[in-house]
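Observations on the three-dimensional arrangement
If you want the building blocks of each chain, they are given just below.
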Amino acid sequence: MNLSQSDTSESLKEVISGRIQAMANVHSLFVETRWIGAEVSAIAKQELAPYLQEGHDNRVRVQGLQTVLEPAAAQAIAVALHELATNASKYGALSNAKGRIGLAWSHSEDRKLVLRWTELGGPKVNAPERKGFGSRLIEGTIRQLGGEVLFDWRAEGLVCEIALPT
């Protein structure tokens, strides 16, 4: 994602509005748990809702063990998934009719949540010449919590792996 001088004020408003909505969505999950946190699959379903609806023929597959994240980690994952989904719908696997997304998570032996976003079937991917605002936002948000982010720009689609202490 890029915020450049060529962006219109309308597109900038849309970008900011989407990020605010991602935060509002995850806060509604906190209310349901009395601010304990939010479950990863619930966050994923909220952020990927437009692509999980009928007519998308299993374009998005979400799988992982039930994992409740404390609020700061839940917000970071919500922002990351929002940015990844936005990028995929504009340039990646969700920008055409055949692309698919796989989202899976598990726990590593050192008690980190490892979340893996995999895009397949979209347009051919080239690694960006510079980091966009969205990828910098993901990295900053995750690293602030002691986590790590790896972007692997494969020709067949982006793979993003996030490791976050829990």
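Structure: above.
Let me begin by describing the structure that accompanies this report. This structure is a prediction, so every number in the text was calculated from the model and none was measured.

**Considerations on the pattern of salt bridges**
- This model, assessed by the stated rule, comprises four salt bridges.
- When the shortest N-O distance is used, the salt bridge between Arg116 and Glu161 registers 2.8 Å. Here the residue Arg116 occupies a position in strand 5 (residues 112-120), and Glu161 occupies one in strand 7 (residues 157-165), the gap between them amounting to 45 residues.
- Looking at Arg116, the relative accessible area reads 33%, which means it is partly exposed.
- Accessibility expressed as a relative area gives 29% for Glu161, which makes it partly exposed.

**Focus: the pairing of strand 6 (residues 148-154)**
- Where strand 6 meets strand 7, seven bridges bridge the pair, whose relative direction is antiparallel. Paired with Glu148 across the strands is Ala163, a residue of strand 7.
- Here strand 6 folds back onto strand 7, and the loop between the two strands holds two residues.

**As for the packing of helix 2 (residues 40-47) against helix 4 (residues 71-90)**
- Between helix 2 and helix 4, whose axes approach to 9 Å, the crossing angle comes to 35°. Judged by the twist between their axes, the crossing of helix 2 over helix 4 is right-handed. Contacts between helix 2 and helix 4 involve Ile43, Ala44 and Glu47 from the former and Ala74, Ile77, Ala78, Leu81, His82 and Ala85 from the latter.

Rules and cut-offs
Residue positions are given per chain, counted from 1 along the sequence in the order it is written. Given that the model is predicted, a residue must reach a pLDDT of at least 70 before its local features are reported, and side-chain atom pairs must reach 80 or more before they are shown or counted; all residues, however, enter totals for whole chains, interfaces and linings. Computation of side-chain values covers all heavy atoms of the structure but excludes hydrogens and water. Salt bridge, as applied in this entry: a Lys or Arg side-chain nitrogen positioned within 4 Å of an Asp or Glu carboxyl oxygen. Secondary structure elements follow DSSP: runs of H or I of four or more residues count as helices, runs of E of two or more count as strands, with numbering from the N terminus. Burial classification: accessible surface area is computed with a 1.4 Å probe over protein chains only, and a residue below 20% of its type maximum counts as buried, one above 50% as exposed, and the rest as partly exposed. Two strands are counted as paired when DSSP detects at least two bridges linking them. Lines fitted to the C-alpha atoms define the axes, with helices restricted to the stretch that makes contact. Angles between their N-to-C directions range from 0 to 180 degrees. Handedness of each helix crossing follows the sense of rotation of the near helix against the far helix: counterclockwise by less than a right angle gives left-handed, clockwise gives right-handed. Note on contacts: a residue pair is in contact if any heavy atoms of the two residues lie within 4.5 Å.

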